[in-house]
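# Architecture at a glance
The lines below spell out each chain.
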Amino acid sequence: MLFFSFFKSLVGKDVVVELKNDLSICGTLHSVDQYLNMKLTDITVSDPDRFPHMVSVKNCFIRGSVVRYVQLPSDQVDTQLLADSCRKELQDSKAKQ
């Protein structure tokens, strides 16, 4: 749930999603669900010569299982908050044991 909450906080921000088939899609994160499926709007493809069929696409849905990386703008990520959330989740899981 940590990553889901983190990605929910990035809705409306520009991200680059690299897929397992080497397709990189730049766009605005519109929504994300608990399976980390993502909907991007206003997309562009980083290599339109290799993927010409994607040039005319403006919005897309990406299944979470095909995502390799999600690149985020470093100024949009609160690393301290993310680290604190990781520590809290680790403590909660240890308390349940």
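Quick caveat: nothing in here was measured; it's all calculated off a predicted structure.

## As for the pattern of salt bridges
Summed over the entire model, instances satisfying the criterion amount to five salt bridges. Taking the shortest distance from any N to any O, the salt bridge between Arg68 and Glu18 comes out at 2.9 Å. Of the two residues, Arg68 is situated in strand β5 (residues 67-71) and Glu18 in strand β1 (residues 14-19); the sequence distance between them amounts to 50 residues. The exposure class assigned to Arg68 is partly exposed, which follows from its relative accessible area of 34%. Residue Glu18 is classed as buried on the basis of its relative accessible area, which comes to 17%. The partner of Lys88 in a salt bridge is Asp92, and the shortest N-O contact between them spans 3.3 Å. Taken together, the positions of Lys88 and Asp92, both in helix α2 (residues 79-96) and four residues apart, correspond to about one turn of that helix. Take Lys88: its relative accessible area is 52%, and that puts it in the exposed class. We classify Asp92 as partly exposed; its relative accessible area is 38%. Through salt bridges with shared partners, a single network forms among Glu18, Asp22, Arg50 and Arg68.

## Observations regarding the UniProt feature "domain: Sm" (unreviewed entry) in the chain
Sites flagged by UniProt as "domain: Sm" (unreviewed entry) map to residues 2-76. The distance from the first to the last C-alpha atom of residues 2-76 is 17 Å, and the span holds 9% helix and 43% strand.

## Details of the layout of surface pockets
Over the atoms rolls a probe the size of a water molecule, and its path tells where empty space is left. By volume, the largest pocket amounts to about 180 Å³. Along the walls of the largest pocket sit Leu2, Ser5, Phe6, Ser9, Leu10, Lys13, Gln76, Val77, Asp78, Leu81, Leu82 and Ser85, which together make up its complete lining. Going through the elements one at a time, α1 (2-8) and α2 are the ones with two or more residues in the lining of the largest pocket. Residue composition of the lining of the largest pocket, grouped by class: six nonpolar, four polar and two charged.

## Things to note about unusual backbone geometry
Across the chain, the bulk of peptide bonds are trans and the bulk of non-glycine residues have phi less than zero. Not every positive phi belongs to a glycine, and Leu36 is a case in point at roughly 65 degrees. Relative to the assigned elements, Leu36 resides in the loop between β2 (24-32) and β3 (38-45). A positive phi angle, close to 50 degrees, is found at Asp42, a residue other than glycine. Following the sequence through the fold, Asp42 ends up in strand β3.

Scoring rules and cut-offs
- Residues numbered from 1 in each chain as written.
- Predicted model: local features only at pLDDT ≥ 70, side-chain atom pairs only at ≥ 80, totals over all residues.
- Heavy atoms only, no water.
- Salt bridge = Lys/Arg side-chain N within 4 Å of Asp/Glu carboxyl O.
- Helix = DSSP H or I, 4+ residues; strand = E, 2+ residues; numbered from the N terminus.
- Buried < 20%, exposed > 50% of the residue type's maximum accessible area, 1.4 Å probe, protein only.
- UniProt positions renumbered as here; feature names shortened; annotations may be inferred.
- 1 Å grid on protein atoms, 1.4 Å probe; cavity = no way out; pocket = protein on both sides within 12 Å on 5 of 7 lines; lining within 4 Å.
- Points joined across faces, edges and corners; volume = space filled by probe spheres on them.
- Nonpolar A, V, L, I, M, F, W, Y, C, P; charged D, E, K, R; others polar.

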